[in-house]
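Observations on chain architecture
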Amino acid sequence: MAIDPVVPAVQPNIQSQTTENVLALFALPFNDLLHKAHEVYRRHWDVNTVQLSTLLSIKTGNCVEDCKYCAQSRHYSTSIEITPLMETEDVRAAARQAKAAGASRLCMGAAWRALQNRNLEKIMSIIRNVKEEGLEACATLGSLTAAQATSLKNSGLDYYNHNIDTSEEYYSKIISTRPFSERLRSLQNAHAAGLKVCSGGIIGIGESRTDRAAMLASLARLQPPPESVPLNMFVPIPGTPLADVERVKPLELVRTVAVTRLLMPGAQVRLSAGRTDLSDEAQALCFFAGANSLFYGDRLLTTDNPVEKKDWVLFAELGLRPGPIEKRTTSYEERRGDAT
Ligand code: SAM
Ligand code: DTB
Ligand code: SF4
């Protein structure tokens, strides 16, 4: 195969991804980067289908952790309503509603440092109920032990979300109450129990491009890489230490999506927090660059997300089909003859 001299090769061995390799991808001319990412995207996925996950905050606020970006940390004074763990029936009703609105996955978030065993039975019952509604189930409940991961898997959980958030180096400037290594251990526990891993991070919390590259290199080096990678544009929260941090341009998110797609071709790449501040055009570029999943529904955990109707207008304009996304099984050569 001819080698394009302009575009540095992505290392085929994902174990060898270094921050320098990844920075070289970020530094490509925009058109070269998008072309390369889109080609890889098209080779692995149906590029006209997007997966819709709806978020539900099942326990909100009063969290003991000090994540500087978060509305739910008890270390900062924010205007959220603190609520205890939801009742199973209420979560089930929310799941039914999410499915009726077109979501294929419910992602349940709890403002906990870690899942406590005293809550395990109730969480398992919640997961069983969500599964009975015919949705994929994802949970993000903080740190997870191996035994807890197995219990969640046995109750039917499909995905565990736990973000590394940023580079290992920058992490300690953002969170002091939980080490980066504990995050990696929880991800390992989730994977070992047979759960699909969802892990990504935040863009725009004062990190440098080098931090973004290092974060993606860390994710790509996970064995295996995550099945799902959420990319959150930071939503500034009044009352938190990062409320006035400098904003990152949407084009940098597009680049980050493209680099994520190149490093982890088989992952679902999710446009996550911050979509209310993104134009249709910026989102369209993200879809071209390889994003194939998003948070759907007018609420994230404590902040706003585009209303459903707005997303349907965008999907129609772009010819995107919401639905379950499947990795391609036929070879690239076989499909090159396709009309698409
Ligand atoms: N408490 C659990 C934990 O931290 O693992 C689960 C919920 S926590 C809110 C999930 C993720 O949401 C964080 O790791 C972070 O990546 C993202 N997040 C939180 N606040 C955000 C904000 N203001 N803007 C963008 N992303 C945010
Ligand atoms: C993820 O990566 N982003 C979601 C989900 N996983 C749990 C959370 C976004 C939170 C945005 C800020 C808020 O609503 O409080
Ligand atoms: Fe707590 Fe999660 Fe928010 Fe950190 S991100 S303060 S762990 S809810």
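Read on for an overview of the structure. (Residues numbered from 1 in each chain as written. Chains lettered and ligands numbered in written order. Predicted model: local features only at pLDDT ≥ 70, side-chain atom pairs only at ≥ 80, totals over all residues. Heavy atoms only, no water.)

A word on the layout of surface pockets
Taken as a whole, the second largest pocket spans an internal volume of roughly 460 Å³. As for the second largest pocket, its lining consists of 22 residues, and the residues nearest its centre are Leu55, Leu56, Asp298, Arg299 and Leu300. Put simply, the parts of the chain that give the lining of the second largest pocket at least two residues each are β1 (49-59) and α3 (88-101). (1 Å grid on protein atoms, 1.4 Å probe; cavity = no way out; pocket = protein on both sides within 12 Å on 5 of 7 lines; lining within 4 Å. Points joined across faces, edges and corners; volume = space filled by probe spheres on them. Helix = DSSP H or I, 4+ residues; strand = E, 2+ residues; numbered from the N terminus.)

What to know about the nonpolar core
One finds Leu141 and Leu152 to be the most contacted residues of the largest nonpolar core, which totals 90 residues. A per-element tally of this core places helix α9 (residues 250-263) first, with 7 residues. If sequence neighbours within four positions are ignored, leucine 152 has contacts with Leu115, Leu120, Ile123, Ile127, Leu141, Leu144, Leu157, Tyr160 and Leu195. Leu55, Cys107, Phe295 and Leu300 belong to the second largest nonpolar core, which has 7 residues in total. (Core = buried A, V, L, I, M, F, W, Y, C linked by side-chain atoms within 4.5 Å. Buried < 20%, exposed > 50% of the residue type's maximum accessible area, 1.4 Å probe, protein only. Contact = heavy atoms within 4.5 Å.)

As for the site of ligand 2
Around ligand 2, the surrounding shell consists of Leu55, Thr140, Asn161, Asn163, Pro230, Asn232, Ala273, Phe295, Leu300, Leu301, Thr302 and Thr303. Note that a nitrogen atom of ligand 2 is positioned 3.2 Å from one of the side-chain N or O atoms of asparagine 161. Contact with the protein chains covers 87% of the free accessible surface of ligand 2, which is 410 Å². Classifying every residue of the shell around ligand 2 gives 6 nonpolar, 6 polar and no charged. (Near = heavy atom within 4 Å. Polar contact = N/O pair within 3.5 Å; in protein donor to acceptor, adjacent residues only side chain to side chain. Areas by Shrake-Rupley, 256 points an atom, 1.4 Å probe, with all protein chains shown as cover. Nonpolar A, V, L, I, M, F, W, Y, C, P; charged D, E, K, R; others polar.)

Considering the site of ligand 1
Around ligand 1 lies a shell of 16 residues, among which Ala110, Thr140, Asn163, Asp165 and Val235 are the nearest. The separation between a nitrogen atom of ligand 1 and a polar main-chain atom of valine 235 is 2.9 Å. Across the complex, the protein chains shield 90% of the 560 Å² of accessible surface that ligand 1 would expose by itself. The cavity that encloses ligand 1 is the largest cavity. (Sits in = over half its atoms within 2 Å of the grid points.)

Some points on unusual backbone geometry
The residue after glutamine 223, namely proline 224, is reached through a cis peptide bond having omega -5°. Turning to its location among the elements, proline 224 is positioned in the loop between α8 (209-221) and β7 (228-233). Of note, asparagine 62 is a non-glycine position whose phi angle comes to about 60°, a positive value. If you trace the backbone, asparagine 62 turns up in the loop between β1 and α3. Despite not being glycine, aspartate 165 has its phi angle at roughly 75°, a positive value. In this fold, aspartate 165 is placed in the loop between β4 (159-161) and α6 (168-174).

Comments concerning the pattern of salt bridges
As enumerated under the stated definition, the model contains 19 salt bridges in all. Note that arginine 299 and aspartate 304 form a salt bridge whose closest N and O atoms lie 2.6 Å from each other. Judged by its relative accessible area of 38%, arginine 299 is partly exposed. Look at the salt bridges and you will find they share partners, linking Glu65, Arg113, Arg178 and Glu182 into a network. (Salt bridge = Lys/Arg side-chain N within 4 Å of Asp/Glu carboxyl O.)

Some details on the pairing of β7
Of all 6 residues in β7, 6 are buried, a share of seventy percent or more. Neither face of β7 is exposed, since Ser228, Pro230 and Asn232 on one face and Val229, Leu231 and Met233 on the opposite face are all buried. Sheet topology places strand β6 (residues 201-203) next to β7; 3 bridges connect them, and they run parallel. What sits directly across from isoleucine 203, in β7, is methionine 233. Taking the sense of rotation as the criterion, the β-α-β connection linking β6, α8 and β7 turns out right-handed. Relative to strand β8 (residues 268-271), β7 runs parallel, the two sharing 4 bridges. In the sheet register, valine 229 faces β8, and the bridge partner there is valine 269. Since β7 and β8 lie parallel, the crossover through α9 that links them has a hand, and here it is right-handed. (Pairing = 2+ DSSP bridges. Right-handed = clockwise from strand over helix to strand, strands pointing away.)

Points about the packing of aromatic side chains
Counted under the stated rule, the structure contains 3 aromatic pairs. Judged by centre distance (5.4 Å) and plane angle (75°), the ring pair of tyrosine 171 and phenylalanine 180 falls under edge-to-face. We classify tyrosine 171 as buried; its relative accessible area is 2%. Of the aromatic side chains, those joined through ring pairs into one cluster are Tyr296, Trp312 and Phe315. One cation-aromatic arrangement involves arginine 105 over tyrosine 159; the distance from NZ or CZ to the ring centre is 3.9 Å. Across the ring face of phenylalanine 295, the terminal group of arginine 270 is positioned such that the distance to the ring centre comes to 5.0 Å. (Phe/Tyr/Trp six-rings, centres within 6.5 Å; stacked < 30°, edge-to-face > 60°. Lys NZ or Arg CZ within 6 Å of the ring centre and 35° of its normal.)

Observations concerning empty space enclosed by the protein
Tallied over the full model, the rule gives 1 cavity of 30 Å³ or more. Residue lining of the largest cavity: 39 residues in total, with Tyr69, Cys70, Gln72, Asn163 and Leu301 positioned closest to the centre. Looking at the lining of the largest cavity, its residues break down into 22 nonpolar, 12 polar and 5 charged.

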